[in-house]
Amino acid sequence: MIKIEHLTKRYGDTLAVDDLDFEVRPGVITGFLGPNGSGKSTTMRVILGLDHPTKGRATVKGQDYASLRAPLHEVGALLDAKAVHPGRTARNHLRALAASNRIPFARVDEVLGFTGIDSVANKKVGNFSLGMSQRLGIAGALLGDPEVLLFDEPVNGLDPEGIRWIRDFFRSLANEGRTVFVSSHLMSEMAVTADQIIVIGRGKLITQGSIDSLTATAKGSVFVRASDHEKLISVLKTHGGDVSEANDEALSVSDLTSDQIGQIAFDADVVLFELTPQRASLEDVFMELTADSVEYGSSGARNER
Amino acid sequence: MNADMSLGSVIRSEWIKFRTVRSTLTGVFVMFILTIGLGALIAWATRSHWQTVSTADQVTFDPVSTSLIGIVFSQFAIGVIGSLLITSEYASGLIRTTLGAVPKRLMLVSGKLVVLIASMFVVTEVACFAAFFVGQSIFSGVVPTASLSSTSVVRAVIFAGLYLTILAVVSFSLGLIVRHSAATIGIFVTIVLILPLISLAIPESWRVHIVKFEPSELGNAMTSVVTPSGDLSASRSLLMLVIYAVVVLGAGALLFQRRDA
Ligand SMILES: Nc1ncnc2c1ncn2[C@@H]1O[C@H](COP(=O)(O)OP(=O)(O)O)[C@@H](O)[C@H]1O
Ligand SMILES: [Mg+2]
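Just so you know, these numbers come straight off a predicted model, no measurement behind them.

Chemist: Teacher, can you tell me more about the interface of chain A and chain B here?
Modeler: When the parts come together, some accessible area is lost, and that loss is often what is quoted as the size of the interface. Listed per partner, the contact involves 34 residues of chain A and 32 residues of chain B. Between the two partners, chain A and chain B, sit two salt bridges. The greatest single-element share of the side of chain A that touches chain B, amounting to seven residues, is contributed by helix α3 (residues 90-100) of chain A. Residues belonging to the side of chain A that touches chain B are distributed by class as follows: 15 nonpolar, ten polar and nine charged.

Printed below as a string of structure tokens:
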């Protein structure tokens, strides 16, 4: 289990993580979602004790990462698949990792087989494709058979087959009761991968919950075509509706239900031709939630004065 | 069974890493070639020109330090090996994977140091003794030779290996501070090669007091059988070099402990 408590991380003028507070539970896949530059990688580095928090803390199973007695047996992480010495073979890379935590070499062969890279185990990793490097990174994360797993943007650069493989793999890890924490900047990816989602923007927690509850809380809208748009717009607005033009001959109304809209139109003698509730897609939810954070952050970096 | 991470397991891991990259093997190979090969070349040149050497120079000729002259060149191979031990991990980003497995940073530094010191001590001593024997056998018959029956000769040869080993620690420590291969090696070369050149510009009366503290000059004193008057003795030079290494290592370890990876 991972716990982030009032975590703040500042790099010079850049506030990368801003008073972040959340927990990641075992047995489910937790997605960590946010636009590029929102602080996902920073948070993961702090969890792994690589970067020191400015304020607050991150713990794994109640402990600071650095105080874990055999970290690879507790936590497996893949932050950057290319973070390997290009001149070393895959097997030697894994053996060195294994040795540091007293993991037998037999386990190295096991994870090489499981990730499907045993045929290239004696090749230098500098020649690996991104997909093969990802598999090597996953093999490294699995070495100590850890209960907690962290993956930073694991599907980046994978082909569709690799993406499916990795999704199924996360699912099986979660089903075994492990804690699986996966970041992405793509809502569509998280929608099919994760059970729980933590959304951040500009280093701040925006929302968290199950995928279903997130869609439910999202502002839905209603698609309306009517005989007199001008009149309808003014009455809907007086009832608190938020109206915009969906296209030349239709309106998009939010903050009112379709029942309310029907009644309001009836009272105003406007004939409705069409009245269709639109369920917000997860992508819409995400865009809406993070709109503020991307507006200022399109360049990636943000400066605080 | 104890499954915890410990200094022993970290040493084992670092040893695997150290011996499974080509740069280490190349570096050691180059160190051997330069120490023995250049030593032999200069020994041979000395022998063939011996008749033209002045009597004064013949009297002060030191067959030991002359046979070990190759370390002046092989120290750069050593500098590369020491620095790459840490800077190559920064170049690839591997350092984050490593610290994920070994988050206790001082333990990691210690593990790397043990591997570096032990392996460099063995290979540099072998190279220096080989250079000594090769040199003496080339001198033999024409030029005066030295033998290991004298303790100060044995000391000079052993100290030559120690000089190289300690320089490996210095360059590793610089790497901890600088975290970039080329910059680290640049600074290392500046210290052992450029510094003595710069000091040539210092007025003679000051220079005699300063030059003897330069790392390269300490190495000279360590490999000489007889200490010229005014210079530091061999063991004081060794001590001085160790102090340098400990200071740079201390700074490097402190920064490594404190900084974000
Ligand atoms: N080591 C660093 N030094 C300076 N700024 C950094 C560093 N790491 C991240 N940042 C900045 O912190 C912010 C968050 O970055 P990051 O955690 O990488 O976001 P994400 O992974 O969500 O894309 C960005 O503005 C980024 O430029
Ligand atoms: Mg990132």
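Chemist: Help me understand the pattern of salt bridges in this model?
Modeler: Any two side chains of opposite charge can pair, on the condition that their charged atoms come close. Residue and element names in this part refer to chain B. A complete count under the given rule lists 21 salt bridges over all chains for this structure. When the shortest N-O distance is used, the salt bridge between K112 and E14 registers 2.9 Å. Of this pair, K112 sits in helix α7 (residues 105-139) while E14 sits in helix α1 (residues 7-19), and the two are 98 residues apart along the sequence. No difference in accessibility class separates K112 from E14, as the two residues are buried. The partner of R207 in a salt bridge is E204, with the nearest N and O atoms 2.8 Å apart. With R207 and E204 both in helix α10 (residues 204-210) and three residues apart, the pair spans about one turn of that helix. Residues joined in a network through salt bridges with shared partners are E14, K17, E89 and K112.

Chemist: Even after reading the chapter, I still don't get empty space enclosed by the protein, so can you show me in this structure?
Modeler: To locate leftover empty space, one rolls a probe as large as a water molecule over the atoms. By the definition in use, this model includes four cavities of 30 Å³ or more. The calculated volume of the largest cavity comes to roughly 140 Å³. In terms of lining, the largest cavity is formed by 15 residues, of which the most central are A:R88, B:V21, B:L84, B:L85 and B:S88. Here the lining of the largest cavity takes five residues from helix α5 (residues 71-92) of chain B, the largest share from any one element. Each residue belonging to the lining of the largest cavity can be placed in one class, and the counts come to six nonpolar, four polar and five charged.

Chemist: Got a minute to help me understand helix α6 (residues 160-175) of chain A in this structure?
Modeler: In an α-helix, one turn spans 3.6 residues, which is why side chains three or four residues apart end up on the same side. Residue and element names in this part refer to chain A. In a regular helix each residue adds 1.5 Å, so 16 residues correspond to 22 Å; α6 covers 23 Å between its end C-alpha atoms and thus fits that length. Among all positions in α6, only G162, I163, I166, F169, F170, L173 and A174 are buried. All buried residues of α6 project into a common sector of 135° when viewed along the axis, lining one side. Turned more than 90 degrees away from the buried face of α6 sit P160, E161, R164, D168 and N175, all of them exposed. The secondary structure elements touched by the buried residues of α6 are β3 (29-33), α4 (105-114), α5 (130-142), β6 (148-151), β7 (179-184) and α7 (187-193). Phi turns positive, to about 90°, at G177, one or two residues after α6.

Chemist: What should I look at first to understand the pairing of strand β11 (residues 242-247) of chain A in this one?
Modeler: If a strand is regular, its side chains alternate between the two faces of the sheet. Residue and element names in this part refer to chain A. Here β11 pairs with strand β12 (residues 250-254) via five bridges, running antiparallel. Across the sheet, D242 pairs through a bridge with S254, a residue of β12. Between β11 and β12, which pair antiparallel and follow one another directly, the connecting turn spans two residues.

Chemist: Please clarify how the site of ligand 1 should be interpreted in this entry.
Modeler: Residue and element names in this part refer to chain A. Surrounding ligand 1, one finds 14 residues, the nearest of these being G37, G39, K40, S41 and T42. The separation between an oxygen atom of ligand 1 and a polar side-chain atom of S41 is 2.7 Å. Between ligand 1 and the protein, one listed contact pairs a nitrogen atom with a side-chain N or O atom of R45 at 3.1 Å. When ligand 1 sits alone it has 560 Å² of accessible area, and the protein chains cover 69% of it. At the level of secondary structure, the elements contributing two or more residues to the shell around ligand 1 comprise β2 (14-24) and α1 (40-47).

Conventions and cut-offs
Residues numbered from 1 in each chain as written. Chains lettered and ligands numbered in written order. Predicted model: local features only at pLDDT ≥ 70, side-chain atom pairs only at ≥ 80, totals over all residues. Heavy atoms only, no water. Contact = heavy atoms within 4.5 Å. Salt bridge = Lys/Arg side-chain N within 4 Å of Asp/Glu carboxyl O. Helix = DSSP H or I, 4+ residues; strand = E, 2+ residues; numbered from the N terminus. Nonpolar A, V, L, I, M, F, W, Y, C, P; charged D, E, K, R; others polar. Buried < 20%, exposed > 50% of the residue type's maximum accessible area, 1.4 Å probe, protein only. 1 Å grid on protein atoms, 1.4 Å probe; cavity = no way out; pocket = protein on both sides within 12 Å on 5 of 7 lines; lining within 4 Å. Points joined across faces, edges and corners; volume = space filled by probe spheres on them. Expected span 1.5 Å × (residues − 1). Arc of directions from axis to C-beta. Pairing = 2+ DSSP bridges. Near = heavy atom within 4 Å. Polar contact = N/O pair within 3.5 Å; in protein donor to acceptor, adjacent residues only side chain to side chain. Areas by Shrake-Rupley, 256 points an atom, 1.4 Å probe, with all protein chains shown as cover.

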